Amino acid sequence: MSFIITLLRVVVSLFLTAIFLFAGGNKLTDQLNPEMHKQLSEKFKEFIQLWQFPITADQFRLLVGGSEVVFAILLLIPGTIGKLSQFGLFVIMVGAVITHILQGDFKPFFPAFLGFLALLLLLLHPAKKTNAKKTN
């Protein structure tokens, strides 16, 4: 059973890494998917009006996208760094879910909520530490 749980954690981590690299990358550049980048740029204008942060919509988009990319890469590192990246992505997803609910924008809500649940799964079920015995 332990092997299955470990395998599931690895698969979920790799899936989340790919998703957040793609999502964050599209927020940073139009080179991956120009149409999605354009849509995201427009959505972040709405997000910044909703939250009234003291930054521009482009700065907010770049901050979120850059954070997603960095945390996605760090997600692959086991231990404390991986846990911190899980928590960072979890916080981003909480913000995304709340933002979509407040806007009544439920089309992107479902993927954001699935990401939220997957990160919650990783956070609530940490990898088991193995005690390696030394043999002389």
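In this text the structure is predicted, and so the values were computed from the model without any measurement.

Q: Please explain helix H4 (residues 80-103) as it appears in this structure.
A: An α-helix turns once per 3.6 residues; consequently, residues spaced three or four apart project the same way. With 24 residues, H4 extends 35 Å between its outermost C-alpha atoms, agreeing within 8% with the 34 Å of an ideal straight helix rising 1.5 Å per residue. Among the residues of H4, those classed as buried are Gly82, Ser85, Gln86, Gly88, Leu89, Phe90, Ile92, Met93, Ala96, Val97, Thr99 and His100. Gly104, located one to two residues past H4, shows a positive phi value of around 70°.

Q: How should the nonpolar core be read in this particular structure?
A: The nonpolar side chains of a soluble globular protein tend to be buried with one another. Ranked by size, the top nonpolar core spans 22 residues in total, and within it Leu16, Phe20, Phe60, Leu89, Met93 and Leu119 carry the most contacts. For this core, the secondary-structure elements that each account for two or more residues are helix H1 (2-28), helix H2 (34-51), helix H3 (57-74), H4 and helix H5 (109-124). For this core, the element with the highest residue contribution is H4, accounting for six residues. Aside from chain neighbours lying at most four places away, what touches Phe60 is Phe44, Phe47, Ile48, Phe53 and Ile55.

Q: Can you walk me through the packing of aromatic side chains in this structure?
A: To describe a pair of aromatic rings, you give the distance between the ring centres and the angle between the ring planes. Under the defined criterion, the tally for this structure stands at four aromatic pairs. With a centroid separation of 6.3 Å and an interplanar angle of 10°, the aromatic rings of Trp51 and Phe53 are classed as stacked. We classify Phe53 as partly exposed; its relative accessible area is 38%. Following the ring pairs from residue to residue traces out a cluster consisting of Phe44, Phe47, Trp51, Phe53 and Phe60.

Q: Is there a simple way to explain the side chain of Glu68 in this structure?
A: Its location among the elements puts Glu68 in helix H3. Residue class for Glu68 comes out buried when judged on its relative accessible area of 4%. Of note is the side chain of Glu68, whose polar atom sits 3.2 Å from the backbone nitrogen of Gly24. A distance of 2.9 Å separates polar atoms of two side chains, one belonging to Glu68 and the other to Lys27. Excluding residues within four positions of it along the chain, Glu68 makes contact with Phe20, Ala23, Gly24, Lys27, Leu89 and Ile92.

Q: I'm lost on the packing of H3 against H4 in this one. Help?
A: A packed helix pair is summarised by two numbers, namely the angle formed by the two axes and the spacing between the axes. One can describe the packing of H3 onto H4 by two numbers: an axis separation of 8 Å at closest approach and a directional angle of 150°. Regarding the angle of H3 to H4, the classification is roughly antiparallel. Seen along the crossing, H3 lies across H4 with a hand that is left-handed. On H4, the residues touching Val64, Ser67, Glu68, Phe71, Ala72 and Leu74 of H3 are Ile81, Gly82, Ser85, Gly88, Leu89 and Ile92. In terms of residue class, the contact of H3 with H4 is made up of seven nonpolar, four polar and one charged.

Q: Help me understand the environment of Leu74 in this model?
A: Mapped onto the secondary structure, Leu74 falls in helix H3. When the C-alpha atoms of Leu74 and Leu84 are compared, they prove to be 8.4 Å apart, with ten residues separating the residues in sequence. Apart from the residues within four sequence positions on either side, Leu74 is in contact with Ile81, Gly82 and Ser85.

Q: Quick question: what am I supposed to make of H1 here?
A: When the terminal C-alpha atoms of H1 are compared, their 38 Å separation across 27 residues agrees well with the 39 Å that a helix rising 1.5 Å per residue should span. Every buried residue of H1 is accounted for by Arg9, Val12, Ser13, Leu16, Thr17, Phe20, Gly24, Gly25, Asn26 and Lys27.

Criteria and thresholds
Residues numbered from 1 in each chain as written. Predicted model: local features only at pLDDT ≥ 70, side-chain atom pairs only at ≥ 80, totals over all residues. Heavy atoms only, no water. Helix = DSSP H or I, 4+ residues; strand = E, 2+ residues; numbered from the N terminus. Expected span 1.5 Å × (residues − 1). Buried < 20%, exposed > 50% of the residue type's maximum accessible area, 1.4 Å probe, protein only. Core = buried A, V, L, I, M, F, W, Y, C linked by side-chain atoms within 4.5 Å. Contact = heavy atoms within 4.5 Å. Phe/Tyr/Trp six-rings, centres within 6.5 Å; stacked < 30°, edge-to-face > 60°. Polar contact = N/O pair within 3.5 Å; in protein donor to acceptor, adjacent residues only side chain to side chain. Axes fitted to C-alpha atoms, helices over the stretch in contact; angles between N-to-C directions. Parallel < 35°, antiparallel > 145°, perpendicular 65-115°, else oblique. Left-handed = near helix turned anticlockwise from the far one by under 90°. Nonpolar A, V, L, I, M, F, W, Y, C, P; charged D, E, K, R; others polar.

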